[in-house]
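If you want the building blocks of each chain, they are given just below.
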Amino acid sequence: MRILITGATGTVGRNVIEQLRALDPGVELRALSRNPDAALPEGVELAVGDLAAPETLAEAFKGVDAAHFINFAGDQYAPLPDAGAVVALAEAAGVRRATVLGGRAEGDLEQALAASGVETTFLHPVEFMSNTLMWWAAAVKAEGAIREPFGDRVSAMVHPADIGAVAAKVLLDGGYDGRSLVITGPEAVTVQEKVRLLGEAIGRELAFVELTVEEAHAKWRGEGMGDDMIAFLTEALGNTPEEGKTVAPTVEQVTGRKARGFAEWAAEHAEAFR
Ligand SMILES: NC(=O)c1ccc[n+]([C@@H]2O[C@H](COP(=O)([O-])OP(=O)(O)OC[C@H]3O[C@@H](n4cnc5c(N)ncnc54)[C@H](OP(=O)(O)O)[C@@H]3O)[C@@H](O)[C@H]2O)c1
């Protein structure tokens, strides 16, 4: 079996590759990247192509049985300009099974796959534990303090390895055609509890300083964040949907093993916060 992984150099894609390898060391893996020099795990074949330019994808889909898709193009996560053409190419090349990583909004890719003959499973992870690297590592190193709004906000955040594990199982074995799978961690944790767990993992007591929404906006603007991102974050953090704070049994149901908790993620990444 040959599987194409898009977004392969990103957080989720790297984990899809790792988990596919763990489940089936014999599976043939091909990774799509726009970068001809992309660094990939040993034995993973590189296909250079751009999801925003379907004409670059013919070679990537050749001989592929199953594909893991992202639904965006470019570093600002813009929707794919011609998702229909991407799916048509995949189907014509013989791809018969797909997983799709859900983003902020469903788009044409999901619709095109649903309307195609490709057996498709839609993956909907909640907040990634790994966002902590981007949001907190610099502040923890510099001052041992986290400054954020909404301190009692609760999140059922997920370990990216578990997103990879669900995708890998579905890509290899199928069984979830047409299903949407919400993927969460094993517990719903407040921000303050998350700060405590991270402090334990790195062996340093961390302070949490709760900001007002206005203070948070000023901080984020000062860090160069654009208005769209600020609006998205304010909504996502201040008004987290039920799905984002409710533990779902998906990881255990699909993979047969318990979801990884934040303490485990923090222990694995402790060095990045020291
Ligand atoms: N962070 C969260 O908490 C969270 C929660 C739920 C859902 N999500 C969703 O997860 C997705 C992001 O996944 P991620 O964090 O794994 O991504 P990421 O680490 O930001 O990496 C982006 C990946 O997309 C690839 N890519 C970008 N534009 C491309 C194009 N035009 N053609 C081909 N490949 C392209 C990049 O490949 P190259 O650069 O190698 O070409 C790279 O592998 C978004 O849809 C987001 O909404 C995130």
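Residues numbered from 1 in each chain as written. Predicted model: local features only at pLDDT ≥ 70, side-chain atom pairs only at ≥ 80, totals over all residues. Heavy atoms only, no water.

J.: Just to check I follow, could you spell out the pattern of salt bridges for this structure?
T.: A side chain with one charge may pair with a side chain of the opposite charge, provided their charged atoms come close. Here the structure, examined in full by the defined rule, presents 15 salt bridges. Among the ionic pairs, Asp65 bridges to Arg96, the shortest N-O distance being 3.8 Å. Of this pair, Asp65 sits in the loop between α2 (58-61) and β4 (66-70) while Arg96 sits in the loop between α3 (83-92) and β7 (97-101), and the two are 31 residues apart along the sequence. One network of salt bridges, in which partners are shared, links Glu193, Arg196 and Glu200. (Salt bridge = Lys/Arg side-chain N within 4 Å of Asp/Glu carboxyl O. Helix = DSSP H or I, 4+ residues; strand = E, 2+ residues; numbered from the N terminus.)

J.: Hey, could you run me through the pairing of strand β11 (residues 180-183) in this one?
T.: Note on strand geometry: in a regular strand, side chains alternate between the two faces of the sheet. What you see with β11 is a clean split: Leu181 and Ile183 sit on the buried side and Ser180 and Val182 on the side with no burial. Pairing geometry for strand β8 (residues 119-125) and β11, over four bridges, is parallel. Note that in β11 the partner of His124 across the bridge is Val182. (Buried < 20%, exposed > 50% of the residue type's maximum accessible area, 1.4 Å probe, protein only. Pairing = 2+ DSSP bridges.)

J.: Would you explain helix α7 (residues 191-202) in this entry?
T.: Every α-helical turn comprises 3.6 residues, leaving residues that sit three or four positions apart pointing alike. An ideal rise of 1.5 Å per residue puts 16 Å on 12 residues; α7 measures up with 17 Å between its terminal C-alpha atoms. Looking one or two residues past α7, Gly203 carries a phi angle of roughly 70°, positive in sign. (Expected span 1.5 Å × (residues − 1).)

J.: How do you make sense of the side chain of Lys194 when you look at a structure like this?
T.: Within the fold, Lys194 resides in helix α7. Engagement of the side chain of Lys194 in a polar contact is seen with the side chain of Thr132, the distance being 3.2 Å. (Polar contact = N/O pair within 3.5 Å; in protein donor to acceptor, adjacent residues only side chain to side chain.)

J.: Would you mind showing me how to read the site of the ligand here?
T.: Neighbouring residues of the ligand: 26 residues in total, closest Thr9, Ser33, Asp50, Tyr77 and Asn131. Here Ser33 contributes a side-chain N or O atom positioned 2.6 Å from an oxygen atom of the ligand. The separation between a nitrogen atom of the ligand and a polar side-chain atom of Asp50 is 2.7 Å. Here the ligand loses 82% of its free accessible area of 930 Å² to cover by the protein chains. (Near = heavy atom within 4 Å. Areas by Shrake-Rupley, 256 points an atom, 1.4 Å probe, with all protein chains shown as cover.)

J.: Please clarify how the domain arrangement of the protein should be interpreted in this entry.
T.: You can read the domains of the protein as domain 1 (2-125) and domain 2 (131-157 + 186-243 + 258-273). Its C-alpha centre places domain 1 at a distance of 30 Å from the equivalent point of domain 2. (Domains from an automatic or database assignment.)

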